[in-house]
Amino acid sequence: MSRYFTRLKMKRCYKWGGRPSLCNRKFKSCYYDSLYVSTDGQRDACLIQTGQHILVEGDDDDKPYVAKLLKLFGDGKMGLVVQWFVHFSEVPYNRRKLLGRTPHPQEIFLYEDRTCDGEIDAETIIGSVEVEHLPPDASFPETGQKGTLYFKLCWDTKAFKVVDAEGRHLDDKTPLVSVSVAPTTRVLPTPDATVMKRALSVTLSRVSASAGKLAASEVESGHSASKLSASKFLSRRRRGSCDSTPGVRKKLDLNSPNKKLTTDDVLGELLNEEIESQTEMARKLQSTPSKLPLQEFNLSPLKSSNRPSNGMSMTPLRSQRPPSPSPHTPPDHTSDWVSRFLGCCLIGFLFVFCSLTFPLFSPRARTPSQKKDPVSAIKEPALGSLAEELPEVSEQTDITPRSKRKSARLVSSRIRKQLNLLNAGEDQVFEDDSGDECFVPSKKDAGSTSEDEESGQAESEDEGISVKKRRLAASCRTPRSSRKAPASARTPHKSSSKKVVSNKPRTPRHATPGIPSRSLPARKPGNVLEEARARLHVSSVPDSLPCREQEFQDIYSFVESKIVGGNGGCMYISGVPGTGKTATVHEVIRCLQHASEQDELPSFRFIEINGMKMTDPHQAYVQILQKLTNQKATADHAAALLEKRFSNPAPQKETTVLLVDELDLLWTKKQNVMYNLFDWPTRRYARLVVLAIANTMDLPERIMINRVASRLGLTRMSFQPYSFKQLQQIITSRLNQVKAFEEDAVQLVSRKVAALSGDARRCLDICRRATEICEHSSSRQPGSGLVGMAHVMEALDEMFSSSYISAIRCASTQEQLFLRAVIAEFRRLGLEEATFQQVFVQHRALCRMEGLQPISVSEGLAVCQRLGTSRILLLEPSRLDLLLRVRLNVSQDDVLYALKED
Amino acid sequence: HSSPSHLSTSLLILRERFCFQKLPSAPVGLESQHKHLLELLKRTAIHGESNSVLIVGPRGAGKTMLLKSVLNELLDVKEVKSNILLVQLNGLLQTDDRIALKEITRQLNLENVVGDKVFGSFAENLAFLLEALKKGDRSSSRPVLFTLDEFDLFTHHKNQTLLYNLFDISQSAQTPVAVVGLTCRVDVLELLEKRVKSRFSHRQIQALSPMDFPQYVELVQQQLSLPQEFPDGRFAHEWNNSVKALCEDKSVEDVLRKHFNLSKDFRSLHMLLFLALSCVTPSNPTIKPSLLLEASRLCTMDCKANMLHGLSILELCLIIAMKHLNDHYQDEPFNFEMVYNEFKKFLQRKSHSVHSFEKPVVIKAFEHLQQLELIRPVDGSASRTQKEYQLMKLLLDHTQVMEALQRYPQCPTDVNWSD
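All values reported here derive from a predicted model rather than from experimental measurement. (Residues numbered from 1 in each chain as written. Chains lettered and ligands numbered in written order. Predicted model: local features only at pLDDT ≥ 70, side-chain atom pairs only at ≥ 80, totals over all residues. Heavy atoms only, no water.)

### A closer look at the overall build of chain A
What counts here: The secondary structure listing takes helices from DSSP runs of H or I that are at least 4 residues long and strands from runs of E that are at least 2 residues long, numbered from the N terminus. Partly exposed describes any residue whose relative accessible area lies between the buried limit of under 20% and the exposed limit of over 50%, with all areas from a 1.4 Å probe on protein chains only and scaled to the type maximum. Whether two residues touch is decided by their heavy atoms; if any such pair falls within 4.5 Å, the residues are in contact. Areas reported here follow the Shrake-Rupley algorithm with a probe of radius 1.4 Å; residue values treat only the protein chains shown as occluding.
Helix and strand content of chain A: 34 helices and 22 strands. By residue count, 57% of the 902 residues in chain A fall in the buried class. Pairs at least 24 apart in sequence give 71% of the contacts found in chain A among residues at least 6 apart. Summed over its atoms, the accessible surface of chain A is roughly 39100 Å², and 54% of this surface lies on carbon and sulfur atoms.

Have a look at this one:
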């Protein structure tokens, strides 16, 4: 690890303050309360204690990183666990406008990112700093202390959210009961004493009802979630159980999904008897789209109950239904923090219970009494939280049965359609829901910091932003560009040199010039044929790739399992060109990214390199490094940095999925590029998944030396060329109801292409050409307007017919004669080769036979050379003159056939 | 009688036509190809549809002319002109991808955007260009039209990186591009690597015109005629009439037929007409059939036979000796000693007019013949053997020798011993 002491040239010394407060013998680590930092020239050492804010060495000398010290521990070296803060300048460019105002120069933001490592080395500490929390509506002090920093908001890599000073941070000393209440107090304005009492009594009784019960409930809900894929369940488990450091635990704690899970868990348990039949029904409904209306009724309350908080009009009828999808989400957390949130959950349950008991209780009727009635005041946020998690559930329903991707998608899309219909075309509903979903924590925080309606306003403002962001993300085709790109620029990660570029790029992001934009917009397709042509273009990416379901499934589950498991692996994908290898992998990544955006998967990073898009195999390192860290380096340096990165034990990193296209071009004599690519995934903490694509099936055996082939492993997949039925399906699915082709025409194309190569690109190109021919012919004589057999035949002829024959037919008389002479000489010699001199004798004789004036040797050579440049003849270099040897590049039969016609 | 000034302007017009390959107003014999290409490029320019196409045809068939006339027509459309970016590459100039990339960057006017950084290295340049092209999309960015002249030479570049990337862009949702390749190789598709080939759309436009002789004659007449807008209408009329008369002449028709039979190439036709035109003077103001005959003779002259006319008697004798050897030994290679022997035999038989030469002098003459490449050593025998015993082959045909002997100025009769 490289360290720069650029800020202070003098050396700093670090010393523990006092005895270790806690020792872990197993891991040989001790926990301390304070740390002395002394600088060489200065006498007085600076004492830093846990809970204090510190400055951490960063890449920018003027703005060191800010963090709150959570823990001090020593296990050979001195380590810290911190909660990071970020400066505004560390927020990615494209997200800065989300703040909606200009930041105060001394403002910082609480940084929340699950993927960010909170562990740093003590030697990176520069000193302590004063950080002051300000309530969101307070203005920044005009003449604040020079060193003091202020924070109001938190930045969770997606949005700015309001936080309070303390509530977010767990205090280990707080007794259990108060822990369970703490979130409640945060969520709620002023909790009513009686309600709290009731809630607590239930909580305590539930907690005391033994952990066995809890475990049972966990199992139970796990069982009820059996339709969730096992891997997802695993991921939940992992997420729940991996918290060893307070930082992580805190993150989890703040993580809305987990909280929701708790609610769900308890709700599920309590409501299980009541709604078991409904659950059953819902389960059935998921697999059978025919019973959709019921399902959609189940889902509807989440929207309607959501509305009051959005300040939108609502239909009271919808809120009468109990939120039945709740049992879908399984619990996956250790019992201690089940109990921690029981209070919160119970309130939620209380409300649900209310709404169950009084089915006609409409939120609108309740709203005016909000301030006076403490019960409803409690209910309100709980309602909000319920409403928030329900969309999540509804989202899950359409992705959960991953093993049956197609059918599930179909179902979910139908559900959506029906819902939209039901809502009389109010398609905003979904956007609001999704907007809410990513807004979860801030709403609660706002509720805790300010109780009046102002917070509600701030909320809706924030909501507007997040909704807008959502829309933006939705309009963007690849989630990667909107989500993954800033990933490199966000984590205040130790003092690694990698961050240098990402934080203050030498050239701004937009410096890479693009092609200038058009002065006039591109014209849209005007008629059916043009529409069909646009759809048939290879570049138009279809929504799903037909005929590659099995391959998709295999790759998907491979990558997913690696992401969930947090380990690395390689997969080798082969297949002839145009069989959809790259497209399938991209589709897999799109789906995975979608899943991770829905928080079903841990987030991951996708990088793509292509052997053909680099000038030298070693450039692969440079490109990978640049895409990972936005850093430029020479090939050797990049290789070293990557090696360090992947062998560095940093277990909190997110998984990287690397697609290596055209693998065979990365071949070098020593094969070190390939070796590294397949060796990195085997490193323990690398968390690298490599998908390698090449054309040949036996590439590992043919060109790889043993140690490379061994590391590549045996996870292989080969894409077979498309059969004619598949090609036909591809065309029809692309055309998607656009009636431009006759059925027979499509079949002819697909049969022809399947017989030749099975290349889908070829198939689409021929169809495209056929539409052009059809357009031309219909302009001449109006026909049916459909692309018929004749058009397709013409297109096939153009693309597949040998151009040699037409070239020979259009050659001049002497050239044709020369070809005849070549064949005559070949026959005489019995060989497929003759010298020019020999052929020329024949040529002269033929000239006399045809009654043509014999040509001179120079002219004869010129004729011969002309045939040679078209490669109808293969010639030796012309310096051999008369002695140059002549061969035919076409079969003799073809030549005779071409010459016979006229 | 026409004024000399009119004659000189008319000659100027015609010379421009023949020397600068000035485009005819419409492509001759390639109308359907013209329409196809125009439609294709229009779609790229207007709809933002990416395409790739190859124009294949023998040399001088009018491939470049076809492309140029299509581009001219395309750029006349206002909607297109303001939109399209043009990148023209030639396989003979951009001999590797590094140079080609620099040229593309230059022609796209991207080189000054990030200063000299672009030209840092080949790899950076490639990444930069791909990034730039990737950023665009179908509807918003300006389409880029790549024309690759001598397309087949690009296939020899390492890994065919440039072609792969160009075709890949044309098959993906990036900046719309149209890749037009021009080549004279019929087998060009076989040169493409399989994944490059898969990305190519397989559209080929064959620049082959099934022209017959009457059309050819018509073309000649058209090429020699003065345009309607010539300042002096009467002079133009007279000139055109004389051209018409010329094309109807029997001997001219024979000459043209011979040329037509040899090749339908436009360039060789231009050469013939230009040679004839250059003999037109104020005193001799029209193209006469004799001029065209003379031009044809110049064009079809055998260069080796001409070289033989400049040889000395000794060298000629050696050539004849070689021919004898060839006749006796069925084209087997020979060495100097064999030739010298044959030459001595000749001297013994009839040495009336030819002096006997010292052997070194004969060797010198032999070497001179080798320098003129009238004889060449057989492959592989060049280095080790002694000069006199090096195996050689005669690079002259029987007819060429005979013709040379007949035309040789003041050839001694007894040298002519070709019996």
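Next comes the rest of the write-up.
### Some words on the overall build of chain B
Scanning chain B from terminus to terminus reveals 20 helices and seven strands. Within chain B, the proportion of its 419 residues that are buried is 53%. The long-range fraction of contacts in chain B, counting pairs at least 24 apart against all pairs at least 6 apart in sequence, stands at 73%. Surface summary for chain B: the accessible area is close to 18700 Å², and the carbon and sulfur share equals 53%.

### Some remarks on the packing of helix 18 (residues 528-536) of chain A against helix 28 (residues 760-780) of chain A
All names here are of chain A. Note the cut-off: Helix axes use the C-alpha atoms of the stretch in contact, all axes being lines fitted to C-alpha atoms, and the angles between their N-to-C directions lie in the range 0 to 180 degrees. To sort the angles, those under 35 degrees are grouped as roughly parallel, those over 145 as roughly antiparallel, those from 65 to 115 as roughly perpendicular, and the leftovers as oblique. Note: crossing handedness is left-handed where the near helix turns anticlockwise from the far helix by less than a right angle, and right-handed where it turns clockwise. Amino acids are sorted into nonpolar (Ala, Val, Leu, Ile, Met, Phe, Trp, Tyr, Cys and Pro), charged (Asp, Glu, Lys and Arg) and polar (every other residue, Gly among them).
At a closest axis distance of 9 Å, the pairing of helix 18 and helix 28 adopts a crossing angle of 165°. Taken together, the axes of helix 18 and helix 28 are roughly antiparallel relative to one another. Judged by the twist between their axes, the crossing of helix 18 over helix 28 is left-handed. Contacts between helix 18 and helix 28 pair L529, E530, R533 and L536 from the former with L764, C767, R768, T771, E772, C774 and E775 from the latter. A class-by-class count of the residues in the contact of helix 18 with helix 28 yields five nonpolar, one polar and five charged.

### What to know about the confidence of the model for chain B
All names here are of chain B. What counts is decided by this rule: The predictor attaches a confidence to each residue, and that confidence, scored 0 to 100, is pLDDT.
Chain-level pLDDT for chain B is 85 on average; 92% of the residues reach the 70-or-more range. Confidence, read as mean pLDDT per element, is least for helix 4 (residues 78-81) in chain B (77) and greatest for helix 7 (residues 151-154) (95). Reported confidences for the modelled complex are a pTM of 0.64 and an ipTM of 0.92.

### Brief notes about the pattern of salt bridges
Pairs can form between side chains of opposite charge once their charged atoms are near each other. What counts, and what does not: Criterion for a salt bridge: a side-chain nitrogen of Lys or Arg within 4 Å of a carboxyl oxygen of Asp or Glu.
For the structure shown, the criterion picks out 43 salt bridges over all chains. Each of D759, R762, D765, R768, R769, E772 and E798 of chain A together with R43, E49 and R203 of chain B takes part in one network of salt bridges that share partners.

### Some remarks on the interface of chain B and chain A
By a frequent convention, interface size equals the accessible area lost on bringing the separate parts together. Rule in force here: Defined here as a combined quantity, buried area equals the accessible surface (1.4 Å probe) lost by two parts on assembly, summed across both. N or O atoms closer than or at 3.5 Å make up a polar contact, with two conditions inside protein: a donor-capable atom paired with an acceptor-capable one, and, for residues adjacent in sequence, both atoms drawn from side chains.
Taken together, the contact pairs 91 residues of chain B with 75 residues of chain A. A buried area of about 7200 Å², summed over both sides, lies between chain B and chain A, and 51% of it is on carbon and sulfur atoms. In terms of surface lost to chain A, no three residues of chain B exceed V186, R195 and L262 of chain B, which account for 9% of the buried area on that side. Two residues, E662 of chain A and R195 of chain B, come together in a salt bridge whose shortest N-O distance is 2.6 Å. Applying the counting criterion to the chain B and chain A interface returns 33 residue pairs in polar contact (both at pLDDT 80 or more). Elements with a contribution of two residues or more to the side of chain B that touches chain A: helix 2 (31-47), helix 6 (122-135), helix 8 (161-170), helix 10 (194-199), strand 5 (204-206), helix 13 (250-262), helix 16 (303-309) and helix 20 (398-407) of chain B. The residue inventory of the side of chain B that touches chain A, partitioned by class, reads 32 nonpolar, 29 polar and 30 charged.

### Thoughts on the packing of aromatic side chains
Pairs of aromatic rings are described using the distance from one ring centre to the other and the angle between the two planes. Residue and element names in this part refer to chain B. We apply this condition: Think of it this way: a Phe, Tyr or Trp ring, Trp meaning its six-membered ring, pairs with another when their centres are within 6.5 Å, and the plane angle makes it stacked under 30 degrees, edge-to-face over 60, tilted otherwise.
According to the stated counting rule, one finds 13 aromatic pairs over all chains in the structure shown. Aromatic side chains F167 and F200 sit 5.2 Å apart centroid to centroid with 45° between the ring planes, which places their arrangement in the tilted category. Residue F167 is found in helix 8, and its partner F200 is found in the loop between helix 10 and strand 5; the two are separated by 33 residues along the sequence. Here F167 and F200 have matching classes, each one buried.

### With respect to empty space enclosed by the protein
Going by this rule: In this analysis the probe radius is 1.4 Å and the grid spacing 1 Å, with only protein atoms considered; a cavity is a set of points the probe fits into but cannot get out of, a pocket is an open set with protein on both sides within 12 Å along at least five of seven lines, and lining residues have an atom within 4 Å of a point. Grid points are joined across faces, edges and corners, and a volume is the space filled by probe spheres set on the points.
Using the criterion set out here, one finds 17 cavities of 30 Å³ or more in the structure. Its boundaries defined by the atoms lining it, the largest cavity holds a volume of some 270 Å³. If you go around the largest cavity, you meet 20 residues; those closest to its centre are C810, A811 and E815 of chain A together with P58 and K264 of chain B. In terms of residue class, the lining of the largest cavity is built from 10 nonpolar, five polar and five charged.

### A few points about the sheet that holds strand 1 (residues 51-56) of chain B
Residues and elements named next belong to chain B. Basically, it comes down to this: Only strands that DSSP links by at least two bridges are regarded as paired with each other.
Judged by pairing direction, the sheet is parallel, and its five strands sit side by side in the order 2-3-4-1-5 without closing on themselves. Each edge of the open sheet carries a strand with a single partner, namely strand 2 (85-90) and strand 5. Each strand of the sheet is rotated relative to its neighbour by a mean of 15°, with strand direction disregarded. Judged from the six bridges that link them, strand 1 and strand 4 (residues 177-183) form a sheet pairing that is parallel. For I55, the partnering residue across the bridge sits in strand 4 and is L182. The sheet strands contacting helix 2 are strand 1, strand 3 (144-149), strand 4 and strand 5, and the helix crosses strand 1 at an angle near 155°. Of the strands in this sheet, strand 1, strand 2, strand 3, strand 4 and strand 5 touch helix 3 (residues 63-76), which is tilted by about 155° from strand 4.

### Here we look at the sheet that holds strand 22 (residues 885-888) of chain A
All names here are of chain A. Across the sheet, which stays open at both edges, the three strands sit in the order 20-22-21 with antiparallel pairing between neighbours. Each end of this open sheet is capped by a strand with a single partner; those strands are strand 20 (834-835) and strand 21 (873-875). Where strand 20 and strand 22 come together, two bridges link them in antiparallel fashion. The partner of T835 across the bridge, within strand 22, is R885. The sheet contacts of helix 33 (residues 857-869) involve strand 21 and strand 22, and relative to strand 21 the element is tilted by about 105°.

### Observations concerning helix 28 of chain A
Residue and element names in this part refer to chain A. Under the convention used in this document: To estimate how far a helix should extend, the number of its residues minus one is multiplied by 1.5 Å.
When the terminal C-alpha atoms of helix 28 are compared, their 31 Å separation across 21 residues agrees well with the 30 Å that a helix rising 1.5 Å per residue should span. Among the 21 residues that make up helix 28, 18 are buried, leaving the element largely enclosed by the rest of the structure. At the N-terminal end of helix 28, a side-chain oxygen is found 2.9 Å from the backbone nitrogen of R761, two or three residues along, and the residue is D759.

### Describing the pairing of strand 11 (residues 125-129) of chain A
Residue and element names in this part refer to chain A. By the criterion of burial, strand 11 is predominantly enclosed, with four of the five residues buried. Relative to strand 11, strand 6 (residues 53-56) is paired through four bridges, and the arrangement is antiparallel. Residue pairing across strands places L55 opposite G127, the latter belonging to strand 11.

### Some words on unusual backbone geometry
One non-glycine residue with positive phi stands out, namely N630 of chain A, at about 60°. You can call N630 of chain A partly exposed: its relative accessible area is 28%. Non-glycine residue D331 of chain B carries a positive phi angle of around 60°. Checked against the element boundaries, D331 of chain B lands in the loop between helix 17 (313-329) and helix 18 (336-349).

### Some thoughts on helix 12 (residues 233-248) of chain B
Residue and element names in this part refer to chain B. How we decide: An arc is given here, and it is the one of the directions from the helix axis to the C-beta atoms.
Taking 1.5 Å of rise per residue, 16 residues should cover 22 Å, and helix 12 covers 23 Å from first to last C-alpha, within 8% of that figure. Among the residues making up helix 12, those that are buried are F235, A236, W239, S242, V243, L246 and C247. Here the buried residues of helix 12 occupy an arc of 140° about the axis, which is enough to place them on one side. In this structure, helix 12 carries R234, H237 and E248 as exposed residues pointing more than 90 degrees from its buried face. Its side-chain oxygen 3.0 Å from the backbone nitrogen of R234, D232 forms the N-cap of helix 12.

### Concerning the layout of surface pockets
Taken as a whole, the second largest pocket spans an internal volume of roughly 1100 Å³. What lines the second largest pocket is a set of 41 residues, among which E798, M799, F800 and S801 of chain A together with Q204 of chain B lie closest to the centre. For the lining of the second largest pocket, the secondary-structure elements that each account for two or more residues are helix 28, helix 29 (789-800) and helix 30 (803-809) of chain A together with helix 2, helix 9 (188-191), helix 10 and strand 5 of chain B. For the lining of the second largest pocket, the element with the highest residue contribution is helix 28 of chain A, accounting for six residues. Residue composition of the lining of the second largest pocket, by class: 13 nonpolar, 15 polar and 13 charged.

### A word on the environment of V56 of chain B
Residue and element names in this part refer to chain B. Its location among the elements puts V56 in strand 1. For the pair V56 and V186, spaced 130 residues apart in sequence, the C-alpha separation works out to 6.5 Å. Once residues within four sequence positions are removed from consideration, V56 is found in contact with K63, T183, R185, V186, V188, Q204, I205, Q206 and A207.

### Some remarks on the packing of helix 26 (residues 724-735) of chain A against helix 28 of chain A
Residue and element names in this part refer to chain A. Packing of helix 26 against helix 28 leaves a shortest axis separation of 10 Å and a crossing angle of 50°. When the axis of helix 26 is compared with that of helix 28, the two are oblique. In this structure, the crossing between helix 26 and helix 28 has a hand that is right-handed. Residues L727, I730, I731 and R734 of helix 26 form the contact with helix 28, whose own contacting residues are A760, C763, L764 and C767.

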